[in-house]
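Analysis of the macromolecular model
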Amino acid sequence: MSSGTNKKAYEGQKITVTFEARRCLHAAECVRSLPEVFDPGQRPWIRPDGAEAERLAEVVRRCPSGALQYELVGGGAETGTGPRRSTATPSNS
């Protein structure tokens, strides 16, 4: 019973990051941006509590392949398919 995506979840107190190895381009944007969270030489290699959830989400959104995704505890999922604008709901002013 596999969905074929082979995603692995790394749970933190405020954010969960998922990684799909098959999609990764190894651009290392994550490692360069937050080495305290993303360290391929350690296990687990993603430690979501190593940085503020908002900063980690920002780095995940810059993932060029979309291999990284996140979900904030209490809601607020976002994929890492490249740079994105704010996900805030526009006001009707």
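Counted according to the given criterion, the structure contains 0 disulfides. Of all cysteine sulfurs, the one in Cys 63 lies closest to Cys 24, which takes part in no disulfide; the gap is 6.4 Å.

Turning our eyes to something else, we now look at the pairing of strand β2 (residues 15-20). Burial of β2 is extensive: 6 of the 6 residues sit out of reach of the surface. The alternating pattern of β2 places Ile 15, Val 17 and Phe 19 and Thr 16, Thr 18 and Glu 20 on opposite faces, both of which are buried. For strand β1 (residues 7-11) and β2, the ladder comprises 5 bridges, and the chain directions are antiparallel. Paired with Lys 8 across the strands is Phe 19, a residue of β2. Where β1 hands over to β2, the hairpin turn is made up of 3 residues, counted between the paired strands.

Counted by the stated rule, this structure contains 2 aromatic pairs. Between Phe 38 and Trp 45 the ring centres are 5.8 Å apart and the planes differ by 55°, which places this aromatic pair in the tilted class. In terms of burial, Phe 38 and Trp 45 fall into one category: buried. Connected via pairs of aromatic rings, a cluster forms that spans Phe 19, Phe 38 and Trp 45.

Looking now at the nonpolar core. Of all hydrophobic cores here, the largest spans 20 residues; its most connected members are Phe 38, Ile 46, Leu 56 and Leu 68. Mapped by element, the contributors of at least two residues to this core are β2, α2 (53-61) and β3 (68-72). For this core, the element with the highest residue contribution is α2, accounting for 5 residues. If we ignore the near neighbours within four places in the chain, the residues touching Ile 46 are Tyr 10, Val 17, Phe 19, Val 37, Phe 38 and Leu 68.

What follows concerns the environment of Arg 47. The topology assignment puts Arg 47 in the loop between α1 (29-33) and α2. With a relative accessible area of 29%, Arg 47 lands in the partly exposed category. A C-alpha to C-alpha distance of 7.3 Å links Arg 47 and Gly 12, two positions 35 residues apart in sequence. Other than its neighbours up to four places away in sequence, Arg 47 contacts Pro 35, Glu 36, Val 37, Asp 39 and Gln 42. Separated by 3.3 Å, the side chain of Arg 47 and the backbone oxygen of Pro 44 make a polar contact.

Quick notes on the rules
- Position numbers for residues start from 1 in each chain and track the written sequence from start to end.
- In keeping with the predicted nature of the model, local features appear solely for residues at pLDDT of at least 70, side-chain atom pairs appear and are counted solely at 80 or more, and the whole-chain, interface and lining totals rest on all residues.
- Heavy atoms throughout the structure, all of them, feed into the side-chain values; hydrogens and water do not.
- The definition used for a disulfide is geometric: two cysteine sulfur atoms within 2.5 Å.
- Throughout, exposure labels follow a simple rule: accessible area from a 1.4 Å probe, protein chains only, divided by the maximum for the residue type, with under 20% read as buried, over 50% as exposed, and the rest as partly exposed.
- Secondary structure follows DSSP: runs of H or I at least 4 residues long count as helices, runs of E at least 2 residues long count as strands, and numbering of each begins at the N terminus.
- Whether two strands pair depends on DSSP finding at least two bridges between them.
- A pair of aromatic rings is counted whenever rings of Phe, Tyr or Trp (Trp by its six-membered ring) have centres within 6.5 Å, and the orientation is called stacked for planes under 30 degrees apart, edge-to-face for over 60 and tilted otherwise.
- Only buried residues count toward a nonpolar core. Its members are Ala, Val, Leu, Ile, Met, Phe, Trp, Tyr and Cys residues joined through side-chain atoms within 4.5 Å.
- The criterion used for residue contact is that any of the two residues' heavy atoms lie within 4.5 Å.
- Here a polar contact means two N or O atoms within 3.5 Å. Within protein one must be a hydrogen donor candidate and the other an acceptor candidate, and residues neighboring in sequence count only if both atoms are side-chain atoms.

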